[in-house]
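Here's the letter readout for the chains.
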Amino acid sequence: SKQAVFRVIKPKFKSVSRKKVKLVKVAGAKKYQIKYSTDRKFQKGNKTVTTKSTTYKFKKLKKDIKYYVAFRAYKKIGGVKTYTMWSKIKKIKKN
């Protein structure tokens, strides 16, 4: 089914920097959900943003603290929000 095919896509980053991330466009995706945190396992202190763009600029990241980022794409199939897998977790380097 279309849902099953979309779910197994593993999205990738084009680039990750302290100021912004660039995502590789996922075919058919309507929006992207980006999460970032100071915890590598995303168990505390998470921030999640949703964007239509494949580029996102971070706001107010604290200096000298490591952050981790991951994203997934989604679209509606038959009225149901269907997500891809999460991308690999990337580290955002300290200033």
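Anything mentioned here points back to the structure above.
Here's what I pulled together on the structure shown here.

**Some words on the side chain of lysine 35**
- Position of lysine 35 relative to the elements: it lies in strand S3 (residues 31–37).
- Buried charge without a salt bridge: lysine 35, with aspartate 39 as the nearest opposite-charge side chain at an N-O distance of 9.6 Å.
- Not counting the four nearest positions on each side in its chain, lysine 35 is found in contact with Phe42, Lys47, Thr48, Tyr68, Val69, Ala70 and Trp86.

**Quick look at the packing of aromatic side chains**
- With the rule as written, the count across this model stands at 5 aromatic pairs.
- Seen from their ring centres, phenylalanine 13 and phenylalanine 71 are 5.0 Å apart, and the 70° between their planes marks the pair as edge-to-face. Residue phenylalanine 13 is located in strand S1 (residues 13–16), and its partner phenylalanine 71 is located in strand S6 (residues 67–77); the two are separated by 58 residues in the primary sequence. For the pair phenylalanine 13 and phenylalanine 71, one class covers both residues: buried.
- Over the ring of phenylalanine 42 we find lysine 35; its NZ or CZ atom is 4.5 Å from the centre of that ring.
- Against the face of tryptophan 86 rests lysine 35, its NZ or CZ located 4.1 Å from the ring centre.

**Some points on the sheet that holds S1**
- Read from one edge of the open sheet, 3 strands run S1-S2-S5, paired in antiparallel fashion. The open sheet has two edge strands with one neighbour each: S1 and strand S5 (55–57). Mean inter-strand twist for the sheet, computed between neighbouring axes without regard to direction, equals 10°.
- Two elements, S1 and strand S2 (residues 20–23), share 3 bridges in a ladder whose sense is antiparallel.

**Brief notes about the side chain of aspartate 39**
- The topology assignment puts aspartate 39 in the loop between S3 and strand S4 (47–51).
- One buried charged residue, aspartate 39, remains without a salt bridge, the closest side chain of opposite sign being lysine 44 at 5.6 Å.
- Beyond its immediate chain neighbours, meaning those up to four positions away, aspartate 39 contacts Lys44 and Tyr68.

Rules behind the numbers
Residues numbered from 1 in each chain as written. Predicted model: local features only at pLDDT ≥ 70, side-chain atom pairs only at ≥ 80, totals over all residues. Heavy atoms only, no water. Helix = DSSP H or I, 4+ residues; strand = E, 2+ residues; numbered from the N terminus. Buried < 20%, exposed > 50% of the residue type's maximum accessible area, 1.4 Å probe, protein only. Lys, Arg positive; Asp, Glu negative; His and termini not counted. Salt bridge = Lys/Arg side-chain N within 4 Å of Asp/Glu carboxyl O. Contact = heavy atoms within 4.5 Å. Phe/Tyr/Trp six-rings, centres within 6.5 Å; stacked < 30°, edge-to-face > 60°. Lys NZ or Arg CZ within 6 Å of the ring centre and 35° of its normal. Pairing = 2+ DSSP bridges. Axes fitted to C-alpha atoms, helices over the stretch in contact; angles between N-to-C directions.

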